[in-house]
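Fold and contact review
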Amino acid sequence: MKDSAPPAWLVPLLVATLTFVAFLPALEAGFVTWDDDKNFLANPSYRGLGAAQLGWMWTTFHLGHYVPLTWMSLGLDYSLWGMKPGGYHLTNVALHSANAVLVYALARRIFARTLPSLAPLALALASALAALLFSLHPLRVESVAWVTERRDVLSMLFALSSALCYLRSTDDDAPTAPWYALSLGLFACALLSKATSLTLPALLLILNAHPLRRLGTASQRRAVMLELASFVLLSVATSVLTLVALQRLPQLGPFEKVAVSSYSLAFYLWKTIVPENLAPLYAMPAAIDPLALRYLASYALVVALSAGAWLARRRWPGVTTAWVAFLVAILPLLGLVQNGPQIAADRYTYFAAPALALLAAGAIVSLRGPLGEITTGAAAFVLVALGFLTWRQAGVWHDSSTLWTQVLRVEPHSAIARNNMGNVLFLDRRINDAIDHYRRALAVAPNYAEAHNNLGVALSKQGNLAGAIAAYQRAVAANPASAEAHANWGTALDAIGRPDESLEHFRIALSLEGNADTQVNYGNALVKIGQVDSAIRLYKEVALRHPDHVEAHLNWGVALARQGKLAEAVGQFRLTLALKPESPEALEYLARLVEIQRTAR
């Protein structure tokens, strides 16, 4: 019987469907207190696609990233779903499913050149295997189930599309210019979604070497270099922009960087083979000894694999190509420029993973005879296992509690996880348990300013203002630029009857960060020392910028009442009740003023 290819749409549809199903638990997840709170819950600037939102999206380096297209996609989500997290997760999963189809298309083009003996059906199945090894792997979960990492899946969508258009432009039957222009435009979109795609020009050069074999002569090499020059310019511009955004972060020394890069590379390879005990945070050790055993073992592994791939270049050029492509794609994410508290992160494998998936699928379908049948059956089993592990790992991102519980299970001494679990418990009104976690975080990291500040907030909630002030002092000593710690310190001083002392802390906090709540609390302290006009100016500024700020209107009304401007005060209390009908303070003040006005008449 003659082997024939299935309908062109059938296998990609199957790939997308299996990918989507594996990530179904993500659709039930919420926003988590791992940057989702800073990016979405406390950030009204992205909400919508109006002129103000677009202006912010195209100018902000929020949390150290310049990703305007990602913000636009999130603004569209807000327009569709509001603040319902399920819609945002649906978009992430849909984008990842689309990426799986694009990996299928890329694998099909590459396998058609490198494995020309494959029959049409075998080619389709080999390409599907590569796509599913990429998309169903639990290392992908962080990029897909975490709304903050929309930038991963969106940037990959554009980068893969760019690569496919570039490959199409090299076909003999294709009009080169339109496909090339489209490829370049899509690459720009990838960079504006996340900078990790900046290695795409190097990856295209690798593809030109193998399997395209377009670097054989000097004229061919010059032509390819000219083709890629525009891509390189975009990458260089993005690299400069990224370095500017990250320059404020502390960096390791050169030997420590090599150690961390080697370790994280070995870590990703191991987790690709054994994807167990995955966590949203693998904390950077307090000190890096480049001669420690785990780093020495990492150096040896990286050197051995690189040497093996080089030696295989003539007999198995695909092995060399895949290994070099993997290294190039993941290089910016290996800690050469430190951009956070982690030594490694599952999401950092997203852009580089297709190289290993294509290598594995190509190796499996190249085998013949009984061994080929055994490995094909094993591959089917592996896909089922990966799908199960991905389904389970997606559940980790269901909410903040499950997320930080998983981190503490994998890394029980993580100060960040202890602090963030304390925040979860605090919001659940389990104040004593929260305090225990904050203190355990500080036992690991005594200079952890955020944990000191959070401990102060929890102690203040218990009425222990003296203990809270001591905690805020330690937070400011650890990080003098902590606006939140200064603001909380000022609020605590005001609460114990020391408004004069609180003013300086409010001033410092506002010079560091223009927070509306801090400005209102500053106004409250001014009222207590008799500077009512100054306080009213602050309340008015907040109300103009944030018309729905309940405390600004409430305290503005109190200040007006102190000045005897009862009619204006009544107006502010009514505005407060329009925003928060159950406000007991506004109801009480309004009732008093109405009674005073009635008696006066």
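For clarity, every value in this text was computed on a predicted model and none was experimentally measured.

For the rest of this paragraph, the subject is the overall build of the protein chain. Secondary structure assignment for the protein chain yields 28 helices and two strands. Here the protein chain holds 601 residues, and 51% of them are scored as buried. Partitioning the contacts of the protein chain with sequence separation of at least 6, the portion at a separation of at least 24 is 66%. Approximately 27,700 Å² of the protein chain is accessible, and the part contributed by carbon and sulfur atoms is 64%. Put simply, the protein chain has 47 plus and 40 minus side-chain charges, and the middle of one group is 6 Å from the middle of the other.

The subject of this paragraph is the layout of surface pockets. Each pocket or cavity is described by its volume, and for the second largest pocket that value is around 860 Å³. Together, 36 residues line the second largest pocket, and G318, A322, A355, L358 and L359 are the ones closest to its centre. For the lining of the second largest pocket, the leading source of residues is helix α15 (residues 353–366), giving eight residues. Here the residues of the lining of the second largest pocket are counted per class, giving 28 nonpolar, six polar and two charged.

We now examine a nonpolar patch on the surface. Nonpolar side chains collect at one region of the surface, where L49, L76, L80, W81 and L90 lie side by side and expose about 420 Å² of accessible area between them. Element by element, the count of residues in the nonpolar patch is highest for helix α4 (residues 68–81), at three residues. Mapping L80 onto the fold places it in helix α4.

With that settled, consider the packing of aromatic side chains. Summed over all chains, the structure comprises 23 aromatic pairs. When the centroid spacing of 6.0 Å and the interplanar angle of 45° are considered together, the rings of Y46 and W71 count as tilted. Separated by 25 residues along the polypeptide, Y46 in the loop between α2 (36–41) and α3 (51–57) and W71 in helix α4 bring together distant segments of the chain. We classify Y46 as buried; its relative accessible area is 0%. A network of ring pairs unites the aromatic residues F31, F40, Y46, W56, W71, Y78 and Y88 as a single cluster. Positioned over the ring face of Y263 is R294, at 4.7 Å from the centre of the ring. The side chain of R313 reaches across the aromatic face of W310, ending 4.0 Å from its centre.

Attention shifts here to the environment of G497. If you trace the backbone, G497 turns up in the loop between α22 (483–495) and α23 (499–512). Looking at G497, the relative accessible area reads 55%, which means it is exposed. Distance in space between the C-alpha atoms of G497 and E28 is 47 Å, their sequence separation being 469 residues.

On to the pattern of salt bridges, then. Applying the stated criterion to the full structure yields 16 salt bridges. As a salt-bridge pair, E501 and R498 come within 2.7 Å of each other at their nearest N and O atoms. Judged by relative accessible area, which is 41%, E501 ranks as partly exposed. Salt bridges linked by common partners bring E142, E149, R151, D152, K194 and R347 together as one network.

With that out of the way, let us pick up helix α24 (residues 516–528). Between its terminal C-alpha atoms α24 stretches 19 Å, which fits the 18 Å expected from 13 residues at 1.5 Å a residue. The buried fraction of α24 is high, at ten of 13 residues. Turning to α24, the residues buried within the fold contact α22, α23, α25 (532–545) and α26 (550–562). Backbone nitrogen of D517 and a side-chain oxygen of the N-cap are separated by 2.9 Å at the start of α24; the cap is N515. Immediately downstream of α24, the backbone of G530 shows phi near 90°, a positive value.

Parameters and conventions
Residues numbered from 1 in each chain as written. Predicted model: local features only at pLDDT ≥ 70, side-chain atom pairs only at ≥ 80, totals over all residues. Heavy atoms only, no water. Helix = DSSP H or I, 4+ residues; strand = E, 2+ residues; numbered from the N terminus. Buried < 20%, exposed > 50% of the residue type's maximum accessible area, 1.4 Å probe, protein only. Contact = heavy atoms within 4.5 Å. Areas by Shrake-Rupley, 256 points an atom, 1.4 Å probe, with all protein chains shown as cover. Lys, Arg positive; Asp, Glu negative; His and termini not counted. Charge placed at Lys NZ, Arg CZ, Asp CG, Glu CD. 1 Å grid on protein atoms, 1.4 Å probe; cavity = no way out; pocket = protein on both sides within 12 Å on 5 of 7 lines; lining within 4 Å. Points joined across faces, edges and corners; volume = space filled by probe spheres on them. Nonpolar A, V, L, I, M, F, W, Y, C, P; charged D, E, K, R; others polar. Patch = residues over 30% accessible without salt bridge, like charges linked within 9 Å, V, L, I, M, F, W, Y side chains within 5 Å. Salt bridge = Lys/Arg side-chain N within 4 Å of Asp/Glu carboxyl O. Phe/Tyr/Trp six-rings, centres within 6.5 Å; stacked < 30°, edge-to-face > 60°. Lys NZ or Arg CZ within 6 Å of the ring centre and 35° of its normal. Expected span 1.5 Å × (residues − 1). Polar contact = N/O pair within 3.5 Å; in protein donor to acceptor, adjacent residues only side chain to side chain.

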